[in-house]
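Breakdown of the fold
As a plain string of letters, each chain reads:
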Amino acid sequence: GVLGISIGNVTQDQSNEIVTGTNALDGALRMLFGHNGSLLCGASLFGSNDRIASTSVGDLTSDTGNEIAVAVSDGRVYILEWKDTCTSFGIPPAWSFDTRATAATSVVIADINGGSNEVVVGADNNNVSALNNTGVSLWNFTVAGSVTSIAVGNVTSNAGNETIVG
């Protein structure tokens with residue numbers, strides 16, 4: 001099955017792409033054309049026993065185009081950049097962050113502090129971490145169980161966004 005679906009303009013053209021991992025232990029990331037769902041890129045970027053649990057598309061750098069955050073069952077989150085072709089897509093990653101868990105389980109690129117976008121990643125060790133656009137830890141906290149989902153948005157009447165963890 002398909003895991004970690006996200007949508008965003010990765011290839012710097014006029015339309016969005018669909019980015020997804022799979023439930024197979026193949027470490028493969030797939031990017032589909034948004035207008036018809038046909039395969040644009042498919043690459044096994046991670047180990048053969050790794051599963052991509054979550055993806056998120058958003059702008060983390062000052063250059064044009066969006067990056068892709070990928071939560072992988074090796075315990076890391078990877079930030080990938082489009083390099084004009086599928087053959088060089090995301091290799092090497094712009095950076096990665098070790099959650100110190102068995103698996104990174106959820107990731108989102110969003111503005112959590114009223115400035116530029118950050119990365120929020122959850123893991124099966126009950127930890128949630130916020131990272132700046134270069135992978136430096138901003139904060140982390142422990143929740144009551146394994147993190148399976150993260151959302152960022154304004155759910156209060158206060159200014160700014162909140163981070164919701166499930």
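This write-up is about the structure you can find in this document. (Residues numbered from 1 in each chain as written. Predicted model: local features only at pLDDT ≥ 70, side-chain atom pairs only at ≥ 80, totals over all residues. Heavy atoms only, no water.)

**Examining the overall build of the protein**
Looking only at helices and strands, the protein has zero helices and 14 strands in total. Tracing the protein from N to C terminus, the helices and strands come up as β-β-β-β-β-β-β-β-β-β-β-β-β-β. Radius of gyration (C-alpha) of the protein: 15 Å, near the 15 Å computed for a compact globule of 166 residues. In terms of principal-axis extent, the alpha carbons of the protein reach across some 40 × 35 × 25 Å. (Helix = DSSP H or I, 4+ residues; strand = E, 2+ residues; numbered from the N terminus. Rg over C-alpha atoms; globule rule 2.2 N^0.38 Å.)

**Description of the side chain of Ser129**
Mapped onto the elements, Ser129 comes out in strand E11 (residues 127-131). Take Ser129: its relative accessible area is 10%, and that puts it in the buried class. With sequence-adjacent residues up to four places away left out, Ser129 is seen in contact with Phe97, Val119, Val120, Val121, Trp139 and Asn140. (Buried < 20%, exposed > 50% of the residue type's maximum accessible area, 1.4 Å probe, protein only. Contact = heavy atoms within 4.5 Å.)

**Here's the deal with the pairing of strand E5 (residues 52-58)**
Burial within E5 is extensive, with six of its seven residues counted as buried. The sheet contact formed by E5 and strand E6 (residues 67-72) spans six bridges and is antiparallel. Counterpart to Ser56 in the pairing with E6 is Ala69. (Pairing = 2+ DSSP bridges.)

**Quick look at the sheet that holds strand E12 (residues 137-142)**
Here we have four strands laid out as an open sheet, ordered E9-E10-E11-E12, and antiparallel in their pairing. Single-partner strands in this sheet number two, and they are strand E9 (104-110) and E12. Here the average twist between neighbouring strands, direction ignored, is 15 degrees. Relative to E11, strand E10 (residues 118-123) runs antiparallel, the two being bridged by four bridges. The residue bridging Val121 from the neighbouring strand is Ser129, located in E11. (Axes fitted to C-alpha atoms, helices over the stretch in contact; angles between N-to-C directions.)

**Digging into the pattern of salt bridges**
Charged atoms that come close allow side chains of opposite charge to pair. Across all of its chains, the model carries two salt bridges by this definition. One salt bridge connects Arg76 with Asp98, and the closest N-O pair in it is separated by 3.6 Å. In this pair, Arg76 is assigned in strand E7 (residues 76-81) and Asp98 in strand E8 (residues 95-98), connecting sequence segments 22 residues apart. We classify Arg76 as partly exposed; its relative accessible area is 24%. Between Arg100 and Asp98 there is a salt bridge whose closest N-O contact spans 3.8 Å. A relative accessible area of 70% means that Arg100 is categorised as exposed. For Asp98, a relative accessible area of 30% corresponds to the partly exposed category. Salt bridges linked by common partners bring Arg76, Asp98 and Arg100 together as one network. (Salt bridge = Lys/Arg side-chain N within 4 Å of Asp/Glu carboxyl O.)

**Section: the sheet that holds E8**
With antiparallel pairing, the four strands of this open sheet are ordered in space as E5-E6-E7-E8. Strands at the two margins of the open sheet, each flanked by one partner only, are E5 and E8. Within the sheet, the average angular offset between the axes of one strand and its neighbour, ignoring direction, is 15 degrees.

**Digging into the environment of Thr20**
Topologically, Thr20 is positioned in strand E2 (residues 17-22). On a C-alpha basis, the gap between Thr20 and Ala71 in space is 11 Å, while along the polypeptide they are 51 residues apart. Other than its neighbours up to four places away in sequence, Thr20 contacts Val2, Leu3, Gly4, Ile5, Ala28, Leu29 and Arg30. Among the polar contacts listed, one links the side chain of Thr20 to the backbone oxygen of Leu3, at a separation of 2.9 Å. (Polar contact = N/O pair within 3.5 Å; in protein donor to acceptor, adjacent residues only side chain to side chain.)

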